[in-house]
Structure formats: structure tokens, C-alpha cells
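# What the coordinates show
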Amino acid sequence: MKIVTDMHCHTVASAHAYSTIQECAAAARARGIELLAITDHGGSIPDAPHEWHFWNLRVVPEVIDGVRILKGVEANIINYDGDIDIDEGILERLDIVIASFHPPCCEPGTVGDNTRAVINALKNPYVDILGHPDNPMYCVDVDEVTAAAKEYGKLIELNNKSPMVRRGCEPIAAEFAQKAKEYGTELVCGSDAHISFEVGDFSEVNRIIEQIGLPEDLVLNTSVDKVLSFIKKRKRR
């Protein structure tokens, strides 16, 4: 399966990342990535960019070094009601919104608490992607979450960085992929790059795709047109 888009990338705007947008775009082009989503962290992460960063993303060109650029955010789920830490006025201006759990922003709860938070986040019309749901710190009911993503037309992320930073994630990621295959829930691949050398790296994700035998029509990243079509639907939401 050929992956031609990367839907999760951080830049120096998130201070624990190390590359500029231009450097990430150049790396994407070198890896054959045709579309790259810039998704720096929402404000509840201690070193996240100021909200003005997101207001001002309009100055970023739509194409850099031949690579289509999506302007987005990795918002933080901040409570079990599924609220996220980005103002609605900003959300409506962005191309893509990932919602994820991070320890500084929301204490891990029970499986029921975490599942409720995630499903409520998926109900948010501005949220497009559930980021790295394979985190063992935030265990959820995989069946319920995958079904909810299908119901609300949202995407479940296969995160290439998870095996490096979320120990024990592999069986959870595989379970999400298997359930997505059963329900027909769309998946999206993200490198979660924090430096340009990681952009477009899907080595871990490809293992899951092959293991589960995911059909190409369930993986958004195989076509720029598929991504742009999804965004059009998102704008209508």
C-alpha cells in the first residue's frame, strides 16, 4: 500500500520538536509525500505555541516545495466530557483537527471514563481524527470507540511514533485496525514527526496494515484526493 500523505507532524512551534515547516516539507518531498498536515500541540501542553500561532496559519503557503500543506492542530482532550483546548473560532479556520490524550492535560481515568471522553470528542463537529488511541495509559473500549468513529464519520489514527513513546501500544493499535476492518471505519496514518527526519516514516504503521490485511479503501492516506474530499465533508460539518 502506497502512503502519499502524512496527517500528523510537529514543528518548532511545539518547543519539543526540532524542525521548521520548510524543513518538514522538504523531507516530505524527498520521501514521496504529496500532502503534509502541520498539527502542532494545543495550549494545554506546557511548551505549546500561543493561540496566535493557529490564528496566523493563514500566512503559510498552501504548497511548499511541491508539497500540499494542511493547517491543523493536535488538540488536547482535557476532561472526561471530551472537551478540547482550542477555541471554536480557531477550529473553524483549520483544515484538520486531531484530538488526543496527553498526561499533562488530562489524568488517565477508568476505561469507562476514557471511552466517554473520546466518544464525546468524536461528537465535536470540528474534530476529525482521534490521535494515538493506542496509548495504554488511556485504555478505552476499542469496540465502542471504533463504532462511534464510524457513526460520526471520523478517523482513527495509526500512529507511527507510538511504539517508541507508548510502551505496550502494539496490541491495542492492532485491535483498532482489526475493529476498523470489521466496522468499515476509516483509518489515517500519522508519522507524529517531531523532527524532519521522521516525516513520512510509516515503518511501524505498515506492519499493522500488513498484519491485519487492511483494504486500501479504509486508509485515507493513499490519495491526496481522498484527503481533500474528507476535508470538504468536514467543512460542511
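Because the structure is a prediction, the values reported are computed rather than measured.

Turning our eyes to something else, we now look at the pattern of salt bridges. Close approach of charged atoms lets side chains of opposite charge pair. Following the criterion strictly, the structure yields eight salt bridges and no others. K179 is the partner of E182 in a salt bridge, and the nearest nitrogen-oxygen pair spans 3.7 Å. Highlighted residues: E182 and K179, both in helix 7 (residues 170–183), separated by three residues, approximately one helical turn. A relative accessible area of 52% means that E182 is categorised as exposed.

What follows concerns the packing of aromatic side chains. If you walk through the whole model with that rule in mind, you get one aromatic pair. Measuring from centroid to centroid gives 4.3 Å for F101 and Y138, while their planes differ by 5°, and the two rings are stacked. Of the two residues, F101 sits in the loop between strand 5 (96–100) and helix 4 (111–123) while Y138 sits in the loop between strand 6 (129–130) and helix 5 (142–152), which places them 37 residues apart along the sequence. Accessibility classification places F101 together with Y138 in one group, the buried group.

The complete set of buried residues in helix 1 (residues 21–30) reads I21, C24, A25, A27 and A28. Around the axis of helix 1, the buried residues are gathered within 160° of arc, so they sit on the same side. In helix 1, the exposed positions that point more than 90 degrees away from the buried face belong to Q22, R29 and A30. Buried positions along helix 1 lie against strand 1 (5–9), strand 2 (35–41), strand 3 (63–64) and strand 4 (67–76). The first or second residue beyond helix 1 is G32, which carries a positive phi of 80°.

Another point: the pairing of strand 1. Most of strand 1 is tucked away: five of the five residues are buried. Two elements, strand 1 and strand 2, share three bridges in a ladder whose sense is parallel. Counted as the bridge partner of T5 is L35 from strand 2. For the handedness criterion, the β-α-β arrangement of strand 1, helix 1 and strand 2 is classed as right-handed.

For the pair helix 5 and helix 7, interaxial distance at closest approach is 9 Å and the crossing angle is 45°. When the interaxial angle is binned, helix 5 and helix 7 end up oblique. The hand of the helix 5/helix 7 crossing is right-handed. For the pair formed by helix 5 and helix 7, the contact residues are V142, D143, V145, T146, A147 and K150 on the first element and I172, E175, F176, K179, A180 and Y183 on the second.

What helix 8 (residues 203–212) keeps buried is the set V205, I208, I209 and I212. One face of helix 8 carries all of its buried residues, which in axial projection span an arc of 100°. Those residues of helix 8 that are exposed and angled more than 90 degrees off the buried face are E210 and Q211. Check the buried side of helix 8 and you find it contacts strand 7 (155–159), helix 7 and strand 8 (187–190). Phi turns positive, to about 70°, at G213, one or two residues after helix 8.

For the rest of this paragraph, the subject is the nonpolar core. Grouped together as the largest cluster of nonpolar side chains are 61 residues, with contacts concentrated most on L36, I69, I77, V118, V145, L158 and V199. Ranked by residues supplied to this core, first place goes to helix 7 with six residues. Those residues in contact with L36 that lie beyond four places of it in its chain are D6, C9, C24, A25, A28, V67, R68, I69, L70 and V199. Grouped together as the second largest cluster of nonpolar side chains are 14 residues, A37, L70, L155 and V224 included.

A cluster of like negative charges, contributed by E51, D87, E88 and E92, occupies part of the molecular surface. Within the secondary structure, E88 is located in helix 3 (residues 88–91).

Conventions used here
- Residues numbered from 1 in each chain as written.
- Predicted model: local features only at pLDDT ≥ 70, side-chain atom pairs only at ≥ 80, totals over all residues.
- Heavy atoms only, no water.
- Salt bridge = Lys/Arg side-chain N within 4 Å of Asp/Glu carboxyl O.
- Helix = DSSP H or I, 4+ residues; strand = E, 2+ residues; numbered from the N terminus.
- Buried < 20%, exposed > 50% of the residue type's maximum accessible area, 1.4 Å probe, protein only.
- Phe/Tyr/Trp six-rings, centres within 6.5 Å; stacked < 30°, edge-to-face > 60°.
- Arc of directions from axis to C-beta.
- Contact = heavy atoms within 4.5 Å.
- Pairing = 2+ DSSP bridges.
- Right-handed = clockwise from strand over helix to strand, strands pointing away.
- Axes fitted to C-alpha atoms, helices over the stretch in contact; angles between N-to-C directions.
- Parallel < 35°, antiparallel > 145°, perpendicular 65-115°, else oblique.
- Left-handed = near helix turned anticlockwise from the far one by under 90°.
- Core = buried A, V, L, I, M, F, W, Y, C linked by side-chain atoms within 4.5 Å.
- Patch = residues over 30% accessible without salt bridge, like charges linked within 9 Å, V, L, I, M, F, W, Y side chains within 5 Å.
- Areas by Shrake-Rupley, 256 points an atom, 1.4 Å probe, with all protein chains shown as cover.
- Lys, Arg positive; Asp, Glu negative; His and termini not counted.
- Charge placed at Lys NZ, Arg CZ, Asp CG, Glu CD.

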